[in-house]
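Understanding the architecture of this molecule
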Amino acid sequence: MPTLPKSIVWTRTDTGGADQVLFDDQRGLTARGVAVAAAPLPYSCHYELATDEQWAAVRLTVTVEGAGWLRTVRMERALGRWRVSTAEQGDLDRALRAAGRSPVGLPGTEEPGRLDAALDVDLDAAPLFNTLPIRRLRLSEQPVGQEHRLVAAWVRVPSLEVMPMEQTYTVLGADRVRYRSDSFTADVTVDPDGFVLHYPGLAQRA
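Just so it is clear, the model here is predicted, and its values are computed rather than measured.

**Quick word on the pattern of salt bridges**
Under the counting rule described, the total for this entry stands at 14 salt bridges. We note a salt bridge from E76 to R83, for which the minimum N-O separation is 3.3 Å. Residue class for E76 comes out partly exposed when judged on its relative accessible area of 33%. The class for R83 is exposed, based on a relative accessible area of 55%. Ionic pairing is found between R178 and D187, a salt bridge with its closest N-O pair at 2.7 Å.

Quick look at the structure:
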């Protein structure tokens, strides 16, 4: 496995946890990350991501593991279509019930064709993934108020359900974008390379 030249660490502000990513962004993005979080139950999340040179996602593998359970989802986009495969060990729903949480759906998707419009992937609670549309659309070069609507293939954590999600990115300045999905909105601060510095209510660069 080749080494990667850059690293970022975020501290979670919504729950106990942190996220470290190693990456190379010279020609698109190649990244490996690991996140740990205390809620909705303690878990670790390992992910590997690759984009093409235009920063459109082409591969994502995510493994989430907690006490007594493990789930993996693998996604690959080729010829405009997504292929999604999954694996599961143990019983996540049992662990969630023991923690006083509601059960969740199965990993992956039964309708991968619903993802075909997605050029971006978005891993729940992982700040790295906001960078994909920011770089792909070159938002730092666009005027204040410019708005882009897109569909992302959203991967929920810890269930690893995959679903299409409509998202909107609005330019607020060279270092800020407004992210909106349904009723949720966050004004996200980024560095000159488009990587998140501060995501209100979620994470802060360590």
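**Observations concerning unusual backbone geometry**
P40 follows A39 through a cis peptide bond whose omega is 5 degrees. The residue P40 is located in the loop between β3 (30-37) and β4 (43-51) in this model. For the peptide bond that leads from V157 to P158, omega is 10 degrees, which places it in the cis range. With respect to the helices and strands, P158 occurs in the loop between β9 (147-155) and β10 (162-173).

**Here we look at the packing of aromatic side chains**
Two numbers describe a pair of aromatic rings. These are the distance of the centres and the angle of the planes. A complete count under the given rule lists 4 aromatic pairs for this structure. Summarising the aromatic geometry, the rings of Y169 and Y179 are spaced 5.4 Å apart at their centres and angled 70 degrees between planes, so their arrangement reads as edge-to-face. With Y169 in strand β10 and Y179 in strand β11 (residues 176-181), this pair connects stretches of sequence that are 10 residues apart. Look at Y179 and you get buried, because its relative accessible area is 5%.

Procedures and definitions
Residues numbered from 1 in each chain as written. Predicted model: local features only at pLDDT ≥ 70, side-chain atom pairs only at ≥ 80, totals over all residues. Heavy atoms only, no water. Salt bridge = Lys/Arg side-chain N within 4 Å of Asp/Glu carboxyl O. Buried < 20%, exposed > 50% of the residue type's maximum accessible area, 1.4 Å probe, protein only. Helix = DSSP H or I, 4+ residues; strand = E, 2+ residues; numbered from the N terminus. Phe/Tyr/Trp six-rings, centres within 6.5 Å; stacked < 30°, edge-to-face > 60°.

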